[in-house]
Amino acid sequence: MALIINGEEIDDEVIEGEFRNVKGHYERMLQVSCCERDQEFRGYAKDNLISRVLLNQESVRRFPTVEEAEVTARLEKLIAEAGGETQFYMNIGMPYKDEAVVRENVQGGVRLDKMLGDVYGPEPVFSEEELHAAYERDLPLYMTEEMIQVAHITKNLQGAQSRTEVFKTMRDLRTQLLAGADFMKLAEENRADDQQQIDLGWFKRGEFMEEFEVIAFSMGEGEISPVFTTQLGFHLCTVRGRKTPEAIPYAAVKEAVRQRLLEAHKDAKFNELIAKLKSEAKIEDTEPEEGGH
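As recorded in an unreviewed UniProt entry, the protein goes by the name peptidylprolyl isomerase, listed as coming from Prosthecobacter fusiformis. Word for word, the UniProt comment on the protein under Catalytic activity (unreviewed entry) is "[protein]-peptidylproline (omega=180) = [protein]-peptidylproline (omega=0)".

Pasting the structure below:
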């Protein structure tokens with residue numbers, strides 16, 4: 001075994017599964033390619049597993065027994081939230097109903113929640129001064145999103161001989177725009193039909209195709225874009241207006257500020273517990289270092 005925590009052995013298969021999860025996360029964030037950080041990710045995976053095992057061990061120590069009624073109530077709630085028993089078992093990746101295994105897992109969740117309730121203690125009450133100070137300190141978190149108003153000209157391959165022909169047409173239109181032609185008038189003259197929208201109105205990031213937004217949000221007001229493509233065809237666009245982010249009034253986000261402070265309180269208590277458990281644990285990692293013999 002590669003990892004033993006207070007005498008509890010962790011299967012290599014479990015470590016590999018967690019390693020794949022960690023690496024997959026970083027791949028989705030576009031922060032890794034191939035294998036150059038595998039050793040680092042394996043370390044993260046082991047640390048995650050160590051924390052989970054220690055939390056489970058501590059919760060069993062503090063709450064060795066859990067009432068069956070509590071387990072039943074939690075399980076019934078989970079099934080209801082999933083939309084029924086069949087969907088619940090599908091969601092957890094169990095191809096057949098095994099209530100004993102599920103109840104054991106749910107029991108662990110109930111036990112962990114009880115322990116964390118002990119660790120977090122009573123919910124702190126924050127003064128108005130503390131809340132307002134947190135709002136001022138974290139003001140970048142309480143801003144409206146940047147918005148732009150965009151108009152565009154778009155053409156696809158319908159009725160054209162080739163992509164080159166469409167590109168040349170769009171490039172010629174851009175030349176006219178750069179020479180001072182009115183964008184809205186030129187767009188009106190060159191739209192495919194009456195249903196084709198020219199003024200896209202106001203929008204924020206995440207509401208349009210990424211390829212379109214990357215161009216549009218990088219432009220200044222009144223600027224003419226280069227010719228670019230998306231899955232819908234060739235585009236030219238211009239930014240007609242821009243709303244820069246503004247601070248949301250304190251009164252409108254007061255509850256969000258309180259919740260953020262509460263989460264910070266819980267995170268601090270949780271991290272203190274993990275550090276304490278790790279300092280007192282006997283952790284054996286028998287896997288050789290990369291390059292070792």
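**Topic: the overall build of the protein**
A tally of regular secondary structure across the protein gives 10 helices and seven strands. Against the compact-globule benchmark of 19 Å for 293 residues, the protein has a radius of gyration of 28 Å, which places it well outside the compact range. The dimensions of the protein, computed from C-alpha atoms along their principal axes, are 75 × 55 × 45 Å. By residue count, 34% of the 293 residues in the protein fall in the buried class. In the protein, the proportion of contacts linking residues at least 24 apart, taken out of those at least 6 apart, comes to 68%. With the model as given, the accessible surface of the protein reaches about 18400 Å², and the carbon-plus-sulfur share is 51%. With 36 positive and 57 negative side-chain charges, the protein shows a separation of 3 Å between the mean positions of the two kinds.

**Section: the packing of aromatic side chains**
Inspection of the entire model under this criterion finds 11 aromatic pairs. Measuring from centroid to centroid gives 6.2 Å for Phe-41 and Tyr-44, while their planes differ by 45°, and the two rings are tilted. Placement of both Phe-41 and Tyr-44 in helix α2 (residues 38–62) is noted, with a separation of three residues, approximately one turn of the helix. Look at Phe-41 and you get buried, because its relative accessible area is 0%. Of the residues examined, Tyr-44 reaches a relative accessible area of 34% and is grouped as partly exposed. A network of ring pairs unites the aromatic residues Phe-203, Phe-208, Phe-212, Phe-217 and Phe-228 as a single cluster. Just above the ring of Phe-19 sits the side chain of Arg-42; from NZ or CZ to the centre is 4.2 Å. Against the face of Phe-217 rests Arg-205, its NZ or CZ located 5.4 Å from the ring centre.

**Thoughts on the packing of helix α6 (residues 128–137) against helix α10 (residues 250–280)**
Following both chains from N to C, one finds α6 and α10 inclined at 95°, their axes separated by 9 Å at the closest point. Judged by the inter-axis angle, α6 sits roughly perpendicular to α10. Only Tyr-250, Val-253, Lys-254, Val-257, Arg-258 and Leu-261 of α10 make contact with α6, whose side of the interface consists of Glu-128, Glu-130, Leu-131, His-132, Ala-134, Tyr-135 and Arg-137. Taken together, the residues that form the contact of α6 with α10 break down as seven nonpolar, one polar and five charged.

**Thoughts on the side chain of Arg-103**
Within the secondary structure, Arg-103 is located in helix α5 (residues 99–120). Of the polar contacts made by the side chain of Arg-103, one reaches the side chain of Thr-72; its length is 3.1 Å. Once residues lying within four places of it in the same chain are set aside, the contact partners of Arg-103 are Glu-68, Val-71, Thr-72 and Leu-75.

**Observations regarding the packing of α5 against α10**
Packing of α5 against α10 leaves a shortest axis separation of 9 Å and a crossing angle of 105°. The angle between α5 and α10 places the two elements in the roughly perpendicular class. Where α5 approaches α10, its residues Met-115, Leu-116, Val-119 and Tyr-120 are matched on the opposing element by His-265, Lys-266, Lys-269, Phe-270 and Leu-273. The class makeup of the residues in the contact of α5 with α10 is six nonpolar, one polar and two charged.

**Structural notes on the sheet that holds strand β7 (residues 283–285)**
The strand order across the open sheet built from three strands is β2-β1-β7, with neighbouring strands paired in antiparallel fashion. Every other strand in the sheet has two partners, leaving β2 (8–10) and β7 as the edge strands with one partner each. On average, each strand axis in the sheet is inclined to that of its neighbour by 15°, with strand direction left out of account. Taken together, the three bridges between strand β1 (residues 3–5) and β2 define a ladder with antiparallel strand orientation. Residue pairing in the sheet places Ile-5 in a bridge with Glu-8 of β2. Sitting on the sheet, α2 is in contact with β1, β2 and β7, with an inclination near 25° to β1.

**Some points on α6**
The periodicity of an α-helix, 3.6 residues per turn, causes residues three or four places apart in sequence to face the same way. Restricting attention to buried positions, one finds in α6 the residues Leu-131, Ala-134 and Tyr-135. The buried residues of α6 occupy an angular sector of 100° when the element is viewed end-on, so they sit on one face. Set apart from the buried face of α6 by more than 90 degrees, the exposed residues are Glu-129 and Arg-137. Against α10 lie the buried residues of α6.

Thresholds, definitions, all that
- The numbers attached to residues start from 1 for each chain and follow its sequence in the written order.
- Side-chain atom pairs in this predicted model are given and counted only at pLDDT of 80 or more, local residue features only at pLDDT of at least 70, and totals for whole chains, interfaces and linings cover all residues.
- Hydrogens and water molecules were not included; the side-chain quantities draw on all heavy atoms of the structure.
- UniProt positions are given in the numbering used here, feature names are shortened, and annotations may be inferred rather than shown by experiment.
- A run of H or I in DSSP counts as a helix once it spans at least four residues, and a run of E counts as a strand once it spans at least two, with each numbered from the N terminus.
- Radius of gyration: over C-alpha atoms. The globule rule applied is 2.2 Å multiplied by the number of residues raised to the 0.38 power.
- We call a residue buried when its accessible area falls under 20% of the maximum for its residue type, exposed when it is over 50%, and partly exposed in between, using a 1.4 Å probe and counting protein chains only.
- In what follows, a contact means two residues having at least one pair of non-hydrogen atoms within 4.5 Å.
- Using a 1.4 Å probe, accessible areas were evaluated by the Shrake-Rupley method; residue-level cover was limited to the displayed protein chains.
- In this tally, Lys and Arg are treated as positive and Asp and Glu as negative; His is ignored, and so are the chain termini.
- Working definition for charges: the position is that of NZ of Lys, CZ of Arg, CG of Asp or CD of Glu.
- Each aromatic pair joins two rings of Phe, Tyr and Trp (for Trp, the six-membered one) with centres within 6.5 Å, and gets the label stacked for planes under 30 degrees apart, edge-to-face for over 60, and tilted for any other angle.
- When the NZ atom of lysine or the CZ atom of arginine is within 6 Å of a ring's centre and also within 35 degrees of its normal, the charge is said to sit over that ring.
- Comment: axis = line fitted to C-alpha atoms, over the contacting stretch for helices; angle = value between 0 and 180 degrees taken between N-to-C directions.
- Should an angle lie under 35 degrees it is considered roughly parallel, over 145 roughly antiparallel, and from 65 to 115 roughly perpendicular; all remaining angles are considered oblique.
- Each residue is assigned to one class: nonpolar for Ala, Val, Leu, Ile, Met, Phe, Trp, Tyr, Cys and Pro, charged for Asp, Glu, Lys and Arg, and polar for all the others, Gly among them.
- Identification of polar contacts relies on pairs of N or O atoms within 3.5 Å, with a donor-acceptor requirement for protein atoms, meaning one able to donate a hydrogen and the other able to accept it, and with residues adjacent in sequence counted only if both atoms are side-chain atoms.
- Here, any two strands with at least 2 DSSP bridges between them count as paired.
- To be clear, the arc concerns the directions from the helix axis to the C-beta atoms.

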